[in-house]
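Per-entry structural report
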Amino acid sequence: MTRKVFIAGHRGMVGSAIDRQLRSHSDVELILAPRDELDLESQSEVDLFFAKNDIDEVYLAAAKVGGIHANNTYPADFIYRNLLIETNIIGAAHKSGVQKLLFLGSSCIYPRAVAQPMREDALLTGVLESTNEPYSIAKIAGIKLCKSFNRQYGRDYRSVMPTNLYGPGDNYHPENSHVIPALIRRFHDAKVAGRLQVIVWGSGKPYREFLFVDDMAAASIHVMNLESDVYKANTQEMCSHINVGYGSDVTISELAGEIAHTVGYQGEVIFDIEKPDGAQRKLMDSSRLIATGWKPNVDLRSGLAIAYKDFLNGAFREV
């Protein structure tokens with residue numbers, strides 16, 4: 001039986017990876033709508049879209065995202081626009097009778113000072129990292145919205161919390177991007193221009209975990225397709241979500257070295273300690289997901305090579 005599957009945010013990095021993988025499933029009919037055809041921040045447009053398309057499943061990968069600079073500069077945009085997108089899609093899914101939905105969150109939902117690796121039950125146990133608190137609160141609201149529809153209406157709305165993602169289709173805006181695409185662009189531009197130094201924000205000491213986007217897409221489809229009792233067995237009353245991580249992390253300094261190697265930049269790397277570091281470590285405990293049979297396949301060095309090739313091919317965004 002064919003399932004009609006809507007991917008919200010199918011042109012974004014994660015949504016496009018889910019799109020690529022679902023195209024190989026013979027029992028899936030993809031329902032896609034670009035931004036100029038469907039404004040996800042308009043409740044009336046989203047309601048009408050769901051009413052017209054008889055959707056069976058939803059992957060909610062749409063979001064306003066960005067790095068430390070963007071989160072610091074546009075906090076109102078990050079909480080307001082993400083709340084709109086989540087409430088419109090989840091609400092419309094429920095009203096139109098969609099039983100299965102997968103919400104994609106972020107590791108920033110966890111408190112700043114939290115035991116490492118971060119377990120699902122650390123949610124709401126402490127103060128959030130100040131640089132991205134508005135975005136974090138929006139993502140926590142999405143988790144609780146899914147859980148609340150499950151409790152009150154018996155829906156099967158699931159949530160996955162990925163670590164830092166990278167890969168094909170990333171955003172390479174010079175100021176608003178995440179750390180890997182920002183550094184790929186910075187090192188590439190420096191190599192082309194013959195600059196002798198590249199400046200990296202922060203001390204370089206914080207640790208970060210990175211997951212290749214195709215591994216995240218595979219994890220999303222895996223979680224969506226888990227039997228209900230298996231999913232419930234790997235979540236709890238107060239942590240109704242599942243972490244998705246690579247399993248190990250690197251310092252920002254080590255990451256910069258790997259990206260310089262990938263790009264072929266041979267100049268000096270300078271760390272600007274006047275710029276914020278963010279949390280000192282953000283390593284996910286993904287043992288619950290791994291117990292269900294998923295595991296990552298792409299290591300950091302291989303993934304960076306693919307990401308840089310994607311950058312050179314111009315198949316990226318600047319938003």
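Treat the numbers as computed from the prediction; the structure is a model and nothing was measured.

With that settled, the discussion passes to the overall build of the chain. Of the regular secondary structure elements, the chain holds eleven helices and 13 strands. For the chain, the C-alpha radius of gyration of 19 Å lies close to 20 Å, the compact-globule estimate for 319 residues. In terms of overall dimensions, the chain has C-alpha extents of about 60 × 40 × 40 Å along its principal axes. For the chain, buried positions account for 53% of its 319 residues. In the chain, 82% of the contacts between residues at least 6 apart in sequence involve partners at least 24 apart. Put simply, the chain shows about 14300 Å² of open surface, and 50% of that area lies on carbon and sulfur atoms. One finds the centroid of the 34 positive side-chain charges in the chain at a distance of 1 Å from the centroid of its 39 negative side-chain charges.

Read from one edge to the other, the open sheet built from three strands follows the order β11-β8-β13, with strand pairing classed as mixed. Unpaired on one side and paired on the other, β11 (250-251) and β13 (281-282) mark the two borders of the sheet. Bridge count between strand β8 (residues 207-208) and β13: two bridges; the pairing is parallel. If you follow Y207 over to β13, its bridge partner there is R281.

In this section: the pattern of salt bridges. Going through the model one piece at a time under the given rule, you end up with 14 salt bridges. The partner of E57 in a salt bridge is R3, and the shortest N-O contact between them spans 3.1 Å. Of this pair, E57 sits in strand β3 (residues 57-60) while R3 sits in strand β1 (residues 3-8), and the two are 54 residues apart along the sequence. One salt bridge in this structure joins R81 and E41, with 2.7 Å as the shortest N-O distance. In this pair, R81 sits in helix α4 (residues 75-95) while E41 sits in the loop between β2 (28-31) and α2 (43-53), placing the two residues 40 residues apart along the sequence.

Let's shift gears to unusual backbone geometry. Residue Q116 is joined to P117 through a cis peptide bond whose omega torsion reads -5°. Mapping P117 onto the fold places it in the loop between β4 (100-104) and α5 (133-153). One non-glycine residue, D54, lies in positive phi territory at about 50°. Looking at where D54 falls in the secondary structure, it is placed in the loop between α2 and β3. Although it is not a glycine, L124 sits at a positive phi angle of roughly 65°. Position of L124 among the secondary structure elements: in the loop between β4 and α5.

What follows covers the sheet that holds β2. Ordered in space as β2-β1-β3-β4-β5-β10, the six strands form an open sheet in which the pairing is parallel. Edge positions in the sheet fall to β2 and β10 (242-244), since each has one partner strand and no second. Across the sheet, the mean angle separating the axes of adjacent strands is 25° when strand polarity is ignored. Bridging between β1 and β2 involves four bridges; their strand directions are parallel. Within β2, the position partnered with F6 by the bridge is I31. Along the sheet face, α4 touches β1, β3, β4 and β5 (156-162) and points at about 175° away from the line of β3.

Every second residue of β3 is oriented toward a common face, with E57 and Y59 on one face and V58 and L60 on the other, all of them buried. Examined bridge by bridge, β1 and β3 share four bridges and lie parallel to one another. Paired with I7 across the two strands is Y59, which belongs to β3. In this sheet, β4 lies alongside β3 in parallel orientation, the contact comprising four bridges. Among the inter-strand pairings, E57 is bridged to a residue of β4, identified as K100.

One finds F6, L40, F50, I89 and L101 to be the most contacted residues of the largest nonpolar core, which totals 35 residues. Secondary-structure elements contributing two or more residues to this core are β1, α2, β3, α4, β4, α5 and β5. Of the residues forming this core, the biggest block, five residues, is contributed by α4. A17, V28, Y59 and I221 belong to the second-largest nonpolar core, a separate cluster that totals 27 residues.

Moving on: α2. Listed as buried for α2 are V46, F49, F50 and N53. For α2, the arc enclosing every buried residue in end-on projection is 95°, short of the 170-degree limit, so these residues lie on one face. Exposed and oriented more than 90 degrees from the buried face of α2 are S44, A51 and K52. Contacts from the buried residues of α2 go to β1, β2, β3 and α4.

What counts and what doesn't
Residues numbered from 1 in each chain as written. Predicted model: local features only at pLDDT ≥ 70, side-chain atom pairs only at ≥ 80, totals over all residues. Heavy atoms only, no water. Helix = DSSP H or I, 4+ residues; strand = E, 2+ residues; numbered from the N terminus. Rg over C-alpha atoms; globule rule 2.2 N^0.38 Å. Buried < 20%, exposed > 50% of the residue type's maximum accessible area, 1.4 Å probe, protein only. Contact = heavy atoms within 4.5 Å. Areas by Shrake-Rupley, 256 points an atom, 1.4 Å probe, with all protein chains shown as cover. Lys, Arg positive; Asp, Glu negative; His and termini not counted. Charge placed at Lys NZ, Arg CZ, Asp CG, Glu CD. Pairing = 2+ DSSP bridges. Salt bridge = Lys/Arg side-chain N within 4 Å of Asp/Glu carboxyl O. Axes fitted to C-alpha atoms, helices over the stretch in contact; angles between N-to-C directions. Core = buried A, V, L, I, M, F, W, Y, C linked by side-chain atoms within 4.5 Å. Arc of directions from axis to C-beta.

Nothing here speaks to function; it is all geometry.
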